[in-house]
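Report on the structure
One letter stands for each residue in the lines below.
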Amino acid sequence: MYRLRNSIFTIGVLLFAIVPAHAAPLSMEQQAVHVLNRLANGPKPGDIDRVVKMGVQRYIDTQLNPQSLLYPPALTERLAALDSPNRSAGEVAGKFIEARKDVREQEEGATQRRREVLGAITRDTADARLLRAIDSPRQLEEVMVDFWFNHFNVHSSKGIDRALIASYERDAIRPYVFGSFRDMLGATAKHPAMLYYLDNQASTAPGFVPGKKRMQADAAPVQPKGLNENYARELMELHTLGVDGGYTQKDVTELARMLTGWTYNPRALVLRNQTFVFADERHDHGVKQWLGRTVPDQGQAEGEMALDVLAQHPATARHLGFKLAQYFVQDQPPPALVDRLARSYLDSKGDIRTVLRTLFASAEFMAPEAIGAKFKTPYQYVVSAMRASGAPVSNTGPLLNTMSQLGMPLYGCQTPDGYKNTKAAWLNPDALTRRITFATALGSGKLPLASPAIDAGQLQATLGGSISGRTLTMVAANPEPLRAAMLLGSPDFMQR
Amino acid sequence: MQRRSFLNSLAVGASLIVPVGRNAWAATVDNPTRKKLIVIMLRGAVDGLNVVAPVADQNYLRLRPTIGLGMPGTEGGAIDLDGYFGLHPALSMLQPLWQQKKLAFVHASGSPDPSRSHFDAQDYMESGTPGRKNTPDGWMNRLVTVLPGASTPSRALSIGPVMPRILAGTAAAVNLPTGKSGAKANVLDRPAIGKAFDQMYAGHEGFQAAYMDGKNAHKEILDASMGSEKQMADGGAPLPNGFPDDAAHLAKLMRNNPRMQLAFVALGGWDTHANQGAGKGQLANRLAPLGQGLAVLAERLGPMFNDTTIVVMSEFGRTARENGNGGTDHGHGNVMWLLGGGVAGGKVHGDWRGVGDAALNEGRDLPVTTDFRSVLAQVCERHLLLSDQNLSRIFQDMPARAAGLNVMRT
């Protein structure tokens, strides 16, 4: 056995000695490794062979149209057993508000109960994401959920958003990741998680005074006091046009006025799962001047028109093209590729699947210099390690802790721009030591995941050509119990 | 001549790199990391009106009939500060520092942003940009990038579960968990594992530098925590868990590693909506370990305390009136605390307008009459000797300086 494994190592070393890493064109295996690192969260055992056999193009097509890929029964069962992710936004919000009210009213044991309720909501919400990220065969869908969630980021520690995030991801992000950008833009604009996070729920016409039917203070501690520009600003700066998108502070204010009244009523949310309401009495009925056009008083239609205009704007096409190219190709994406993606976006009227198809078919995507060019985010690192290990995830706690220690708590990005995915953002002195600590614990079976130590030979086969000959030589020179940790903690595995 | 007007009278540009005065020279050249700054953030909005209470204001006990602190000299009453303000009795360990004029407060201070959301207000206080949510970095991280002297990986440190927003950014910073595990050996200290990974990362084009920086920072922290206690008065007596223990650890790290210059610690549990108590009770139970920890920090830093400024701040204050549950709700202005050798101590600073109904912000809480950035900027300017140009990189859109604010001695 030992000898066999040794010879596998030797073959790996030899293969890499004869195939220079940056020679074109890429071998089938290199292409397979590449798509598994970019369209998926890294390879699982057997994935590289499978993609080589089915062909890289067919893999890409299937991932873009994943309806035929079924969840494994174990994953379906795990997901079905979760609570919050299978309930409506209103139900979870109701539980959250109830737990908080009991504490305010000082009921016996309320603090402990609130901790349990909040803990369960947080855990189940995270499980719904992580279990899919690791085990779903629809890997590109999961990669896109990560991408778009960060694009439309909300933060779980802001009040009721903790209870709303499961619904936000499920109802406002996930259904649209291959669809029309305008639809996702509208869904996020009208979701209470976003309305609360960026304060549009509290934005009113100047001078508006809430009537006797006040909003329930519990869920809306910010009493409406006037115009709040937060959402309008981020809508243009982050979600659509981009910071250099050619708009002014005046445009921000005017857009905020157009969006006054876009809110939710906490009571209606809890009682009827009504996640959005246009409150006409809060709307600024004056005429607005926005992006060079005159906008007459049209109530909710003003905001809808604004989303239409923003979704079809050339600056938005460029901004999204840049972000997708940066995420999938390189930290500094080739400008010609960004141009092509922007054109593809405008030609398809903002169809995300079409833009992705253009991206994956580009020479830049499959270029030798793109291979391994991205530094994994802590999320990608942890998820890819779990996938490569093949270990069943009995407990996501240690994975979530590791992401937090690495500075990327799941759903914990405070700023609305979401987590970055560049090397500059994540490669720091602390990061490598902490990743190696995680790799060593996982490799030696010491994470409380109920998994045995990982078989290094199998791990090496799973990772295939993503590990360099130089690294394989060093791994082979070390004793067996260290090898899996070395593979998972190697410089090669930090990249994708 | 004031330093400021002297600077302003020089041509902009090259003049700003000329160190001004002997202290500036000493700090920037001989020993660039001699001046320390420690920021303690009380997350959850501490009730500043019961930390430094206007006990002599007749409105105070009218607004707070059950939770208000009693007059100095009464049982469970406040500790007299200046005949008008009284310190919470749970902070009695800080009384000597007040008498030595090494403790000061700035009342009715805080963020000009009106938000009463913990989340947003903390974010603004850490980014240093009230009202702007998308500032990518924290002001302490920006501070690291402009401080004079070569940066080392452990120059800025935070103690807590995750790297805080205030230290997020391009400059390197180290995050240590709280408690005993704060500076323990890691896997790379095990010889076989360390050797294996050293070999893999040695000479690696992309990652060698970061890998080595990580190892060096860890070694600096480990050496500093294992090092002998230099001139320690009480030999490092064991302390209760929590902040006093972390404070003692922090003092040890800073004394043993002279390159460490900035530190940040966040403490939670201040959101006292119900049953906060007066001289005793929930708030008192939170304040006591904080006061003890600050006293421990001052004592164990030893002579270094004279070159240190400690700032204690919280995202906003609480309502002046107690609520129906014996607690207080989210308010606006609060009190900032300053400790250290260079602090203009023994004084409650700020523009104080009393707690009469007409003086309250929106009829419910303290107005913010001193922007928290004015206080921090003065600490950076007078204590860390930052130039105007660098100050404006840390706090963009600074308000005009509060006239007459002198929280740091010149």
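Anything mentioned here points back to the structure above.
An account of the accompanying structure is given in this report. (Residues numbered from 1 in each chain as written. Chains lettered and ligands numbered in written order. Predicted model: local features only at pLDDT ≥ 70, side-chain atom pairs only at ≥ 80, totals over all residues. Heavy atoms only, no water.)

Looking at the overall build of chain A
- Helix and strand content of chain A: 25 helices and four strands.
- Dimensions of chain A, computed from the C-alpha atoms along their principal axes, are close to 80 × 60 × 40 Å.
- Per-residue burial for chain A yields a buried fraction of 59% across its 496 residues.
- Put simply, 72% of the contacts in chain A that link residues at least 6 apart link residues at least 24 apart. (Helix = DSSP H or I, 4+ residues; strand = E, 2+ residues; numbered from the N terminus. Buried < 20%, exposed > 50% of the residue type's maximum accessible area, 1.4 Å probe, protein only. Contact = heavy atoms within 4.5 Å.)

Notes on the nonpolar core
- Counting residues in hydrophobic clusters, the biggest one holds 153 residues, and the most contacted among them are Met-144, Trp-148, Leu-255, Phe-328, Phe-360 and Leu-399 of chain A.
- Ile-79, Ala-251, Leu-253 and Ala-284 of chain B belong to the second largest nonpolar core, which has 51 residues in total. (Core = buried A, V, L, I, M, F, W, Y, C linked by side-chain atoms within 4.5 Å.)

With respect to the pairing of strand E6 (residues 156-159) of chain B
All names here are of chain B.
- Burial along E6 is two-sided: Ala-156 and Ser-158 facing one way and Leu-157 and Ile-159 facing the other are all buried.
- With four bridges joining them, E6 and strand E8 (residues 262-267) adopt parallel strand pairing. Following the sheet pairing, Ala-156 is matched in E8 by Leu-262.
- Bridge analysis of E6 against strand E7 (residues 174-176) gives three bridges, and the strand direction is parallel. Bridge pairing links Ile-159 to Leu-176 in E7. (Pairing = 2+ DSSP bridges.)

Quick word on the pairing of strand E10 (residues 334-340) of chain B
All names here are of chain B.
- Burial of E10 is extensive: seven of the seven residues sit out of reach of the surface.
- Of the two faces of E10, the one lined by Asn-334, Met-336, Leu-338 and Gly-340 and the one lined by Val-335, Trp-337 and Leu-339 are each fully buried.
- Relative to E10, strand E9 (residues 308-314) runs antiparallel, the two sharing four bridges. The partner of Thr-309 across the bridge, within E10, is Gly-340.

Considering the packing of aromatic side chains
- Counting across every chain of the model gives 23 aromatic pairs over all chains.
- Between Tyr-327 of chain A and Phe-328 of chain A the ring centres are 5.2 Å apart and the planes differ by 70°, which places this aromatic pair in the edge-to-face class.
- Among the residues examined, Phe-328 of chain A registers a relative accessible area of 0% and is labelled buried.
- Between Tyr-84 of chain B and Phe-85 of chain B the ring centres are 4.8 Å apart and the planes differ by 90°, which places this aromatic pair in the edge-to-face class.
- A residue is classified by how much of its surface remains accessible, and Tyr-84 of chain B, at 23% relative accessible area, is partly exposed. (Phe/Tyr/Trp six-rings, centres within 6.5 Å; stacked < 30°, edge-to-face > 60°.)

Brief notes about the sheet that holds strand E4 (residues 86-87) of chain B
Residue and element names in this part refer to chain B.
- Across the sheet, three strands lie side by side as E2-E4-E3; this open sheet has antiparallel pairing. Both edges of this open sheet fall to strand E2 (52-53) and strand E3 (79-80), since each of them pairs with a single strand only.
- As judged from the two bridges shared by E3 and E4, these two strands associate in the antiparallel manner. By the bridge assignment, Asp-80 is partnered in E4 with Gly-86.

Considering the pattern of salt bridges
All names here are of chain A.
- Using the criterion set out here, one finds 49 salt bridges over all chains in the structure.
- Two residues, Arg-174 and Glu-169, come together in a salt bridge whose shortest N-O distance is 3.7 Å. The two residues Arg-174 and Glu-169 agree in class, both being buried.
- Among the charged side chains, a network of salt bridges with common partners joins Arg-129, Glu-141, Glu-142, Asp-146, Glu-169 and Arg-174. (Salt bridge = Lys/Arg side-chain N within 4 Å of Asp/Glu carboxyl O.)

Thoughts on the interface of chain B and chain A
- On the side of chain A, 41 residues touch chain B, which itself brings 40 residues to the contact.
- In total, about 3500 Å² of surface goes out of reach between chain B and chain A, with carbon and sulfur atoms giving 61% of it.
- On the chain B side of the contact with chain A, Phe-119, Met-200 and Phe-207 of chain B bury the most area, a combined 20% of that side's loss.
- Joining chain B to chain A, the criterion identifies three salt bridges.
- The partner of Lys-133 of chain B in a salt bridge is Asp-199 of chain A, with the nearest N and O atoms 3.0 Å apart. (Buried area = accessible area lost by both parts, 1.4 Å probe.)

As for helix H23 (residues 456-463) of chain A
Residues and elements named next belong to chain A.
- Of all eight residues in H23, six are buried, a share of seventy percent or more.
- Buried residues of H23: Ala-456, Gly-457, Leu-459, Gln-460, Thr-462 and Leu-463, and no others.
- Where H23 begins, one side-chain oxygen reaches toward the backbone nitrogen of Gly-457, 2.9 Å away; that side chain belongs to Asp-455.
- Where H23 ends, the next residue or the one after it, Gly-464, has phi of about 50°, a positive value. (Polar contact = N/O pair within 3.5 Å; in protein donor to acceptor, adjacent residues only side chain to side chain.)

A word on the environment of Gly-226 of chain A
All names here are of chain A.
- Mapped onto the elements, Gly-226 comes out in the loop between helix H11 (192-197) and helix H12 (230-239).
- Taking the relative accessible area as the measure of exposure, Gly-226 reaches 11% and is therefore buried.
- Counting along the chain gives 89 residues from Gly-226 to Pro-137, while the straight-line C-alpha distance between them is 47 Å.
- Discounting residues that sit within four places of it in the chain, Gly-226 has contacts with Ala-202, Ser-203, Thr-204, Ala-205 and Pro-206.

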